Each structure stands twice: as C-alpha cells, then as structure tokens.
Amino acid sequence: MHGTICSVIYSVVSRFERKSDLITPGILAKFTQCPIPKSVLLNTGTRNILEANPNDLFFGVGVSLFSQHLWDKGKHKGLNIMGKVLQKVRSKLCEGGKE
C-alpha cells in the first residue's frame, strides 16, 4: 500500500514539475529583454532562489518571507517551481543562450 501511495505522489509531482517547462520561455524572454531584472537575477550568483509565498504550494515553498523556517528546506510545504524556473533561466543567461 505504501509503495502505491508513493508512486502516485511521485507521478503527480513529476507532472507538475513538467508544467514548469511551459512558463520557462516567457520568464527567459522577460529577463533577456529587461536589463535591470536581468542584472538582479544574475547577481544572485549560484544561490538557491525561493518563491516565499505561504499561500502558493505550486510556485512557492509554502512559507512566508518573514518565517524563521524560510531557509529550512525540511519545513517547506510547496514545490518552489518559480524558484527552480528562475534558477534555470539564470543558468541560461550565464551561458549566454536562449531556448
């Protein structure tokens, strides 16, 4: 029973994470065309990027910006899709390439 539940959860999470591929081109275009946000994104270096939104478990980590648990990954309830997309876009910008 436990294995079945885990495989269903994995399937749902995988499907949601693939949906991030749909928003990546638009986010990349925004940061390619707008020099100030691009500079801010690139200045994050190689740090992890979190979408600190306590009400969004898909795009955010499900934790407030002001929470003491923001950097405690074990306390995150969300998928942080936006943070992962921004990190992917940052990598593409550093490489100088587009999709």
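Above this text you will find the structure in question.
Here the structure is a predicted model, which means the values were calculated and not measured. (Residues numbered from 1 in each chain as written. Predicted model: local features only at pLDDT ≥ 70, side-chain atom pairs only at ≥ 80, totals over all residues. Heavy atoms only, no water.)

## Quick notes on the nonpolar core
Nonpolar side chains tend toward joint burial in soluble globular proteins.
At step 1: Formed by Ile27, Leu28, Phe31, Leu41, Ile49, Leu79, Ile81, Met82, Val85, Leu86, Val89 and Leu93, the largest nonpolar core amounts to 12 residues.
At step 2: If you list the elements that add at least two residues to this core, you get α1 (2-33) and α3 (81-95).
At step 3: Those residues in contact with Leu41, other than ones at most four positions away along the chain, are Phe31, Ile49, Leu86, Val89, Arg90 and Leu93. (Core = buried A, V, L, I, M, F, W, Y, C linked by side-chain atoms within 4.5 Å. Buried < 20%, exposed > 50% of the residue type's maximum accessible area, 1.4 Å probe, protein only. Helix = DSSP H or I, 4+ residues; strand = E, 2+ residues; numbered from the N terminus. Contact = heavy atoms within 4.5 Å.)

## Quick look at α3
At step 1: Its 15 residues give α3 an end-to-end C-alpha distance of 21 Å, which sits within 8% of 21 Å, the value for a rise of 1.5 Å per residue.
At step 2: For α3, the set of buried residues is Ile81, Met82, Gly83, Val85, Leu86, Val89, Arg90 and Leu93. (Expected span 1.5 Å × (residues − 1).)

## Comments concerning the environment of Leu42
At step 1: Position of Leu42 relative to the elements: it lies in helix α2 (residues 35-42).
At step 2: C-alpha separation for the pair Leu42 and Phe31, spaced 11 residues apart in sequence, amounts to 9.7 Å.
At step 3: Setting aside residues no more than four positions away along its own chain, Leu42 makes contact with Arg90, Leu93 and Cys94.

## A look at the packing of α2 against α3
At step 1: Contact geometry of α2 with α3 gives a least axis separation of 10 Å together with a crossing angle of 100 degrees. By the angle between their axes, α2 is roughly perpendicular relative to α3. Facing α2, whose interface residues are Lys38, Leu41 and Leu42, α3 presents Leu86, Val89, Arg90, Leu93 and Cys94.
At step 2: Partitioning the contact of α2 with α3 into residue classes produces 6 nonpolar, no polar and 2 charged. (Axes fitted to C-alpha atoms, helices over the stretch in contact; angles between N-to-C directions. Parallel < 35°, antiparallel > 145°, perpendicular 65-115°, else oblique. Nonpolar A, V, L, I, M, F, W, Y, C, P; charged D, E, K, R; others polar.)

## As for the pattern of salt bridges
At step 1: The final tally for this structure, using the stated rule, is 1 salt bridge.
At step 2: A salt bridge links Asp21 to Lys88, with the shortest nitrogen-to-oxygen separation between them at 3.1 Å. On the criterion of sequence distance, the pair formed by Asp21 in helix α1 and Lys88 in helix α3 is long-range, its members being 67 residues apart.
At step 3: A residue is classified by how much of its surface remains accessible, and Asp21, at 44% relative accessible area, is partly exposed.
At step 4: According to the relative accessible area criterion, Lys88 is partly exposed, its value standing at 32%. (Salt bridge = Lys/Arg side-chain N within 4 Å of Asp/Glu carboxyl O.)

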